[in-house]
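So you can see what is in the structure, the chains are spelled out below.
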Amino acid sequence: MQKTEKIWFDGKFVPWDEAQVHVLTHTLHYGVGVFEGIRCYTCADSQSAVFRLAEHVERLFLSARINEMVIPHSQEAICQAIVETLKVNRLAEGYIRPLTFIGAGVMGVNPADNPIQTIIAAWPWGAYLGAEALEKGIRVKTSTFTRHHVNVMMTKAKTCGNYVNSVLAKREALADGYNEALMLDAEGYVSEATGENVFIVRNGVIKTPPLGSILAGITREAIMILAGDLGYEVVEERFTRDELYCADEAFFSGTAAEVTPIREVDRRAIGQGSRGPVTKAVQEAYFKVLRGENPKYGKWLTRYSI
């Protein structure tokens, strides 16, 4: 991680190395915190833009509501603070991490009146799964770890503790020589990856799992809209691992992963074992939006200058 200068911490900017908490911070022990991953990009006109800022901040607040946390700032204030964080750090392109957590105070499962705190950090970050992955695709392993059941964890919240599941699956996949893990739900259907939504393509139709055990990805929604506008049929439908094996193409989507092709799953080549034409078309359309080259989707961009 490349350090930047300042982190927004409960309404004030502090130096990167001074953004610290006590070791008895409640979230550190019990995992009840919520976060977002957001990206900003340099646009074709040399300005910069945050992709779907309002939607990400809204989801942060909804995640907090699910976890019975009240963020002591408005959504508008957090949006403004994110843009100010980028400006203070002179960051034209990179990754943004807002995090709301329960601070120190009472120790025990019930956090009682412990303070609810929020930080916003931002730093340069390239392609999450590697620059080559965006073109050549990645190798994926079906994880031995099952994705959370909807009545075990609140799957619509980006809760810190939810990601223990992802960490275990990711480590397993990497140790076995793969780039990423594919998670199945409690009934054995394809759910999502450790931090990405999944799409498959068969006979020109794009399919993605419905909102059940998966996170309602903001990039996922954008991809569905873009693909539909490109003329592709997009359906939300459950599918099994063997249907994925038989797909013509497959790809992941997410803030960090962007649109990453999947070339292999469980030692089986997907399609021709490389990025397919539908994936490429969706990927190119997505990056044009991020760079401000398609005014139709200008509402998705929050512009700023440094």
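Residues numbered from 1 in each chain as written. Predicted model: local features only at pLDDT ≥ 70, side-chain atom pairs only at ≥ 80, totals over all residues. Heavy atoms only, no water.

- The protein chain is annotated in an unreviewed UniProt entry as Branched-chain-amino-acid aminotransferase of Desulfomicrobium orale DSM 12838.
- The UniProt entry for the protein chain carries the following text under Sequence similarities (unreviewed entry): "Belongs to the class-IV pyridoxal-phosphate-dependent aminotransferase family."
- As recorded by UniProt, the Function (unreviewed entry) comment attached to the protein chain reads in full: "Acts on leucine, isoleucine and valine." (UniProt positions renumbered as here; feature names shortened; annotations may be inferred.)

### Considerations on the packing of helix H6 (residues 218-229) against helix H8 (residues 277-290)
Point 1. The interhelical angle for the contact between H6 and H8, taken along N-to-C directions, is 110 degrees, at an axis separation of 10 Å. As the angle between them shows, H6 and H8 are arranged roughly perpendicular. Considering only the axes of H6 and H8, their crossing is right-handed. Within the contact between the two elements, H6 uses Thr 219, Ile 223, Leu 226 and Ala 227 and H8 uses Val 282, Ala 285, Tyr 286 and Val 289. (Axes fitted to C-alpha atoms, helices over the stretch in contact; angles between N-to-C directions. Helix = DSSP H or I, 4+ residues; strand = E, 2+ residues; numbered from the N terminus. Parallel < 35°, antiparallel > 145°, perpendicular 65-115°, else oblique. Left-handed = near helix turned anticlockwise from the far one by under 90°. Contact = heavy atoms within 4.5 Å.)

### A word on the pattern of salt bridges
Point 1. Under the definition given, this model contains 20 salt bridges.
Point 2. In this structure, the salt-bridge partner of Arg 59 is Glu 36, at a minimum N-O distance of 2.8 Å. Here Arg 59, found in helix H2 (residues 53-66), pairs with Glu 36, found in the loop between strand S3 (33-35) and strand S4 (38-42); they are 23 residues apart in sequence, far enough to count as distant. Pair check on accessibility: Arg 59 and Glu 36 agree, each one buried.
Point 3. Here the salt bridges share partners, and the residues they tie into one network are Arg 52, Glu 55 and Glu 221. (Salt bridge = Lys/Arg side-chain N within 4 Å of Asp/Glu carboxyl O. Buried < 20%, exposed > 50% of the residue type's maximum accessible area, 1.4 Å probe, protein only.)

### Some words on the domain arrangement of the protein chain
Point 1. As far as domains go, the protein chain holds domain 1 (6-123) and domain 2 (131-291).
Point 2. On a C-alpha basis, the centroid separation for the pair domain 1 and domain 2 is 26 Å.
Point 3. Interface area, domain 1 with domain 2, both sides summed: about 1,900 Å², of which 60% is carbon and sulfur.
Point 4. Scanning the region where domain 1 abuts domain 2 turns up 3 salt bridges.
Point 5. In this structure, Arg 291 and Glu 93 form a salt bridge, with 2.7 Å as the shortest nitrogen-oxygen distance.
Point 6. Applying the counting rule to domain 1 against domain 2 returns 15 residue pairs in polar contact (both at pLDDT 80 or more).
Point 7. Of all elements in the fold, only S3, S4, H2 and strand S6 (94-102) reach the threshold of two or more residues within the side of domain 1 that touches domain 2.
Point 8. Considering each element in turn, the side of domain 1 that touches domain 2 owes the most residues, 5 residues, to H2.
Point 9. Class assignment of the residues belonging to the side of domain 1 that touches domain 2 gives a composition of 10 nonpolar, 8 polar and 6 charged. (Domains from an automatic or database assignment. Buried area = accessible area lost by both parts, 1.4 Å probe. Polar contact = N/O pair within 3.5 Å; in protein donor to acceptor, adjacent residues only side chain to side chain. Nonpolar A, V, L, I, M, F, W, Y, C, P; charged D, E, K, R; others polar.)

### A short note on the pairing of strand S5 (residues 48-51)
Point 1. Here S5 shows two buried faces, one formed by Ser 48 and Val 50 and the other by Ala 49 and Phe 51.
Point 2. Relative to S5, S4 runs antiparallel, the two being bridged by 3 bridges. By the bridge assignment, Cys 40 is partnered in S5 with Val 50.
Point 3. Looking at chain direction, S5 and strand S17 (residues 301-304) are connected through 4 bridges and run antiparallel. Across the sheet, the residue bridging to Val 50 is Thr 302, located in S17. (Pairing = 2+ DSSP bridges.)

### Focus on H2
Point 1. When the terminal C-alpha atoms of H2 are compared, their 20 Å separation across 14 residues agrees well with the 20 Å that a helix rising 1.5 Å per residue should span.
Point 2. Residues of H2 that are buried include every one of Leu 53, His 56, Val 57, Arg 59, Leu 60, Phe 61, Ser 63 and Ala 64, and no others. (Expected span 1.5 Å × (residues − 1).)

### Section: the packing of H2 against helix H3 (residues 75-88)
Point 1. Put simply, H2 and H3 touch, their axes get as near as 10 Å, and they point 125 degrees apart. When the interaxial angle is binned, H2 and H3 end up oblique. In the packing of H2 onto H3, the handedness of the crossing is right-handed. Contact residues: H2 offers Leu 53, Ala 54, Val 57, Glu 58 and Phe 61, while H3 offers Gln 75, Ile 78, Cys 79, Ile 82 and Val 83.
Point 2. Classifying every residue of the contact of H2 with H3 gives 8 nonpolar, 1 polar and 1 charged.

### A look at H8
Point 1. With 14 residues, H8 ought to run about 20 Å at 1.5 Å a step, and its terminal C-alpha atoms sit 20 Å apart, in line with that.
Point 2. Every buried residue belonging to H8 is among Val 278, Thr 279, Val 282, Gln 283, Ala 285, Tyr 286, Phe 287, Val 289 and Leu 290, and all of these are buried.
Point 3. At the exit of H8 stands Gly 292, carrying a positive phi of roughly 70 degrees.

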